Amino acid sequence: IVAVGTVAEANAASIAPAYGATPASNDVGLAFGFLRAATAGRTLTCSGYTTVDSFGASSQQPMYAFAKLLSAAEGAPTIVPVGAAAGEVLQGVTLLLRNTEPSIASLIHGTPQHKTTTGANSTTAIATPALTVTQADCLIVVAVSYQLDCSNLGNYNPNADGNWTRQVFASTATGNNQAIAIYTRLQTTAANIAASAILQ
């Protein structure tokens, strides 16, 4: 990870979360978008980027991960909420990666997983599923959307080895309010990740 960008947010409008450093040729840009929607059917787009994964558009609270092989000094991605209504806050953030696989097609291994914890409040842990890891020397990313503003989303430490970094935390009272977090882990061996939880 070369740099983590600053979280951008808007009320039912497009955002352009900047990269935390100037991209070099063939860096990989990852862009994450989180929409606190009140109605099903909302989607996110990011022109020029491949949609790596999406979750929640068929119900509420869509989360998207986008990726692109960048040109030198390329600008910030633009994440667009399609169909969003006033009060539906969009937050987004970027990760800039270097020395990765040479194409987006070979960048992602395995199938992304999702977990929703319903009926949550400020004392409810956010459950995370177990993850089967078949690729050594990889970066594992956990993206979290919490459908309230809050003061903190705590440390994440499945396998109890302390090898996770919270790269991003941001909370907003804009619109319907929301908090997001990004956790990462450099995985040198193909070892599975246990089911766990994230606490405030």
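Above this text sits the structure in question.
Keep in mind it's a predicted model, so treat the numbers as computed, not measured.

Peer 1: Now, about unusual backbone geometry: what can you tell me, with residues and values included?
Peer 2: At N26, a position not held by glycine, the phi torsion is positive, near 75°. Of note, N26 is situated in the loop between β2 (8-11) and β3 (28-35). Here the phi dihedral of N159 falls at roughly 70°; this positive angle occurs in a residue that is not glycine. With respect to the helices and strands, N159 occurs in the loop between β10 (138-146) and β11 (165-172). With relative accessibility at 36%, the residue N159 sits in the partly exposed group.

Peer 1: So what about the pairing of β11? Which residues, and what values?
Peer 2: As defined by bridge partners, β11 adjoins strand β12 (residues 178-187) across 7 bridges and the pair is classed as antiparallel. When the bridges of β12 are listed, F169 appears paired with A181. Between β11 and β12, which pair antiparallel and follow one another directly, the connecting turn spans 5 residues, one of which, G175, has a positive phi of 55°.

Peer 1: So what about the sheet that holds β10? Which residues, and what values?
Peer 2: Overall, antiparallel pairing links the 3 strands, which are arranged β10-β12-β11 in an open sheet. A strand with exactly one partner marks an edge of an open sheet, and here the two such strands are β10 and β11. The average angle at which neighbouring strand axes cross in this sheet is 10°, direction not considered. Two elements, β10 and β12, share 9 bridges in a ladder whose sense is antiparallel. The partner of C138 across the bridge, within β12, is Q187.

Peer 1: Can you tell me about the packing of aromatic side chains, naming the residues and giving the values?
Peer 2: A complete count under the given rule lists 3 aromatic pairs for this structure. Seen in terms of ring centroids, Y156 and W164 are 4.8 Å apart; in terms of plane orientation they differ by 70°. Their pairing is edge-to-face. Look at Y156 and you get buried, because its relative accessible area is 6%. Judged by its relative accessible area of 11%, W164 is buried. Ring geometry for Y156 against Y183: centres 5.5 Å apart, planes inclined by 55°, an arrangement best described as tilted. Here Y156 is found in the loop between β10 and β11, whereas its partner Y183 is found in strand β12, with 27 residues between them in sequence. Considered together, Y156 and Y183 belong to a single accessibility category, that of buried residues. Counting every residue linked through ring pairs, the aromatic cluster contains Y156, W164 and Y183.

Conventions we followed
Residues numbered from 1 in each chain as written. Predicted model: local features only at pLDDT ≥ 70, side-chain atom pairs only at ≥ 80, totals over all residues. Heavy atoms only, no water. Helix = DSSP H or I, 4+ residues; strand = E, 2+ residues; numbered from the N terminus. Buried < 20%, exposed > 50% of the residue type's maximum accessible area, 1.4 Å probe, protein only. Pairing = 2+ DSSP bridges. Axes fitted to C-alpha atoms, helices over the stretch in contact; angles between N-to-C directions. Phe/Tyr/Trp six-rings, centres within 6.5 Å; stacked < 30°, edge-to-face > 60°.

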